[in-house]
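One letter stands for each residue in the lines below.
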Amino acid sequence: MLNRVRSAVAHLVSSGGAPPPRPKSPDLSNAPSAQPAVPPEAPRSPPARAGSGSSAPAKTVEARASFSRPTFLQLSPGGLRRADDHAGRAVQSPPDTGRRLPWSTGYAEVINAGKSRHNEDQACCEVVYVEGRRSVSGVPREPSRGQGLCFYYWGLFDGHAGGGAAEMASRLLHRHIREQLKDLVEILQDPSPPPLCLPSTPGATGSSDPSHLVGPQSCWSSQKEVTHESLVVGAIENAFQFMDEQMARERRGHQVEGGCCALVVVYLLGKVYVANAGDSRAIIVRNGEIIPMSREFTPETERQRLQLLGFLKPELLGGEFTHLEFPRRIQPKELGQRMLYRDQNMTGWAYKKIELEDLRFPLVCGEGKKARVMATIGVTRGLGDHNLKVCSSTLPIKPFLSCFPEVRVYDLTQYEHCPDDVLVLGTDGLWDVTSDCEVAATVDRVLSAYEPNDPSRYTALAQALVLGARGTPRDRGWRLPNNKLGSGDDISVFVIPLGGPGSYS
């Protein structure tokens, strides 16, 4: 066991996602694509290779799964090679000559400094049309584009242990959201409260008299209020779970290796929905004020959830881990002594007598960026990771990882926004070395140098944020102006204007 733990600590990985059983999710691999935000100049593809000789099919599939860049970057084969260069680390953005992203959104990315073979981040920006599935009245209606809804969609996916999960999520998650919204098209356009039940689909079987299922009327004296906003939140949450289930089914045949954190923004009917599962981050900078729109999910922030699961289902710990937390690893000579600890119910610390079971490795260990679940992974929510095991063990980690995002809502109609008000999305490569205040300062500095109606200002801001986090190459690696280490991770940034050019309704 001791050798296994040492091996686990020496081979730390990062990130997560986990679903309870539910009905089979729809397979959207071959579903019609959403309306693209930019013309699909070139599909996602591996970098061009010298020579024309063929290679083994398995290797080709692996290459495509491990390295592709967002379509909207419109990279040529030479551009793909530059984007994959760890030494130069050139910042990539959509070309000025092409059609701009919706809302004149800015985007920039850069590859890591050698942490992984390829850039494992992925991004997606789409305008998605939703056709209603049924009428609330139960009467089938004729398909009509006028009866549907459009939503704007941005997604950042930070992959780990391979780029397959991030690449798959960037292609399909918005389709799962569209699928979940199909039942809601008519409901969301009706100002009256949502119906308690949708009509049964034609031909559905079931009891015509459900009165035997109803309890005493006194228990149901009133009905909970359900808002349209909460229906959209539920649709996004379900879409994340269906995406994770699809990854579980297809992880072998489609080379869906590893997992990914997912940070998604949906704009629908005047409101911005920010869904985060992982350690990426979103903030709004409005008139110089910073409004957090997400929180990170790490072993430290979710310690009590993880410990509770380990307490309720000790078989998941495999007799190798303890759900309790101690300030440091316990030594055998300390058996019988009273030591500080905390469990799933505690935010503070107390003393307990050390027993033999307490010598096991803690379920949650480390601090900050070094915190790990089962000495293996540094995030507790995300998509994928279905094959992740404790190092040198067959013990699965997936049961402790959740695919459900936290969704925060921002009502654009409640505020007067100016062209300098923006929503900034970034993977952890940005936030590891840049604070919220530093991002806000960069927003003010860069945007003030451009005319308010210049749509290129948001791309310039995204590039400035990426360059500021990457640093410049020096003798001892990439360094920031203060000589501290810059980010050696993949960095991806969206800058979404909240009051700039374009109509949002």
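Taking an unreviewed UniProt entry as the reference, the protein is identified by name as Protein phosphatase 1J belonging to Puma concolor.

Asker: What should I look at first to understand the environment of Ala-275 in this one?
Answerer: Residue placement: Ala-275 occurs in strand E5 (residues 271-277). Residue class for Ala-275 comes out buried when judged on its relative accessible area of 1%. In this structure Ala-275 touches Ile-236, Phe-240, Ala-262, Leu-263, Val-264, Pro-405, Glu-406 and Val-407, once residues within four positions along its chain are discounted.

Asker: So what exactly am I meant to see when it comes to the pattern of salt bridges here?
Answerer: Between side chains of opposite charge, a pair can form as their charged atoms come close. This structure, assessed with the given rule, holds 21 salt bridges. With a closest N to O distance of 3.2 Å, Lys-369 and Asp-432 form a salt bridge. Taken together, the positions of Lys-369 in the loop between strand E12 (364-365) and strand E13 (372-373) and Asp-432 in the loop between helix H8 (428-431) and helix H9 (436-447) put the pair 63 residues apart, joining distant regions of the chain. The partly exposed category is assigned to Asp-432, whose relative accessible area is 39%.

Asker: What should I look at first to understand a nonpolar patch on the surface in this one?
Answerer: Taken together, Leu-308, Phe-311 and Leu-312 make up a surface patch of nonpolar side chains, about 300 Å² in accessible area. With respect to the helices and strands, the residue Leu-312 is situated in helix H7 (residues 303-312).

Asker: Would you take a moment to explain the packing of aromatic side chains for this structure?
Answerer: Given two aromatic rings, their pairing is described by the distance between the two centres and the angle made by the two planes. Summed over the entire model, instances satisfying the criterion amount to ten aromatic pairs. Ring centres of Trp-103 and Tyr-267 lie 5.0 Å apart, and the angle between their planes is 70 degrees; on these two criteria the pair is classed as edge-to-face. Taken together, the positions of Trp-103 in the loop between helix H3 (77-83) and strand E1 (106-110) and Tyr-267 in strand E4 (residues 259-268) put the pair 164 residues apart, joining distant regions of the chain. With a centroid separation of 6.4 Å and an interplanar angle of 20 degrees, the aromatic rings of Tyr-152 and Trp-154 are classed as stacked. For Tyr-152, a relative accessible area of 19% gives the class buried. By relative accessible area, Trp-154 is classed as buried at 1%. Through pairs of rings, three or more aromatic residues link up here, namely Trp-103, Tyr-152, Trp-154 and Tyr-267. The ring of Trp-478 has Arg-89 sitting right over it, with the charged end atom 5.1 Å from the ring centre.

Asker: Which parts of the structure should I look at to understand helix H4 (residues 164-181)?
Answerer: One turn of an α-helix holds 3.6 residues; hence residues three or four places apart share an orientation. Taking 1.5 Å per residue, 18 residues should reach 26 Å; H4 reaches 26 Å between its end C-alpha atoms and fits that length. Approximately 40 degrees is the largest bend angle found in H4, and it occurs at Ser-170.

Asker: Whenever I open this one, unusual backbone geometry confuses me. Can you help?
Answerer: Keep in mind that most residues, glycine aside, have a negative phi and that most peptide bonds are trans. Even without a glycine there, the phi angle at Ala-161 is positive, about 60 degrees. Tracing the backbone through its elements, the reader meets Ala-161 in the loop between strand E3 (149-160) and H4. Its identity is not glycine, yet Leu-269 carries a phi of approximately 50 degrees, on the positive side. Structurally, Leu-269 is set in the loop between E4 and E5.

Asker: Whenever I open this one, the pairing of E3 confuses me. Can you help?
Answerer: If a strand is regular, its side chains alternate between the two faces of the sheet. Most of E3 is tucked away, with eleven of its twelve residues classed as buried. Judged from the ten bridges that link them, strand E2 (residues 121-130) and E3 form a sheet pairing that is antiparallel. Within E3, the position partnered with Cys-125 by the bridge is Trp-154. Where E3 lies against E4, nine bridges are found, and the strand directions are antiparallel. Paired with Tyr-152 across the bridge in E4 is Tyr-267.

Asker: I tried to follow the packing of H9 against helix H10 (residues 457-470) on my own but got confused; where do I start?
Answerer: Two elements in contact, H9 and H10, have axes whose closest approach is 10 Å; the angle formed by their N-to-C orientations is 140 degrees. The pairing of H9 with H10 is recorded here as oblique in orientation. Crossing of H9 over H10 shows right-handed handedness. Two secondary-structure elements touch here, H9 through Val-439, Thr-442, Val-443, Val-446 and Leu-447 and H10 through Arg-457, Tyr-458, Ala-460, Leu-461, Ala-464 and Leu-465.

Reading the values: the criteria
Residues numbered from 1 in each chain as written. Predicted model: local features only at pLDDT ≥ 70, side-chain atom pairs only at ≥ 80, totals over all residues. Heavy atoms only, no water. Helix = DSSP H or I, 4+ residues; strand = E, 2+ residues; numbered from the N terminus. Buried < 20%, exposed > 50% of the residue type's maximum accessible area, 1.4 Å probe, protein only. Contact = heavy atoms within 4.5 Å. Salt bridge = Lys/Arg side-chain N within 4 Å of Asp/Glu carboxyl O. Patch = residues over 30% accessible without salt bridge, like charges linked within 9 Å, V, L, I, M, F, W, Y side chains within 5 Å. Areas by Shrake-Rupley, 256 points an atom, 1.4 Å probe, with all protein chains shown as cover. Phe/Tyr/Trp six-rings, centres within 6.5 Å; stacked < 30°, edge-to-face > 60°. Lys NZ or Arg CZ within 6 Å of the ring centre and 35° of its normal. Expected span 1.5 Å × (residues − 1). Bend = angle between axes of the 7 residues up to and from the residue. Pairing = 2+ DSSP bridges. Axes fitted to C-alpha atoms, helices over the stretch in contact; angles between N-to-C directions. Parallel < 35°, antiparallel > 145°, perpendicular 65-115°, else oblique. Left-handed = near helix turned anticlockwise from the far one by under 90°.

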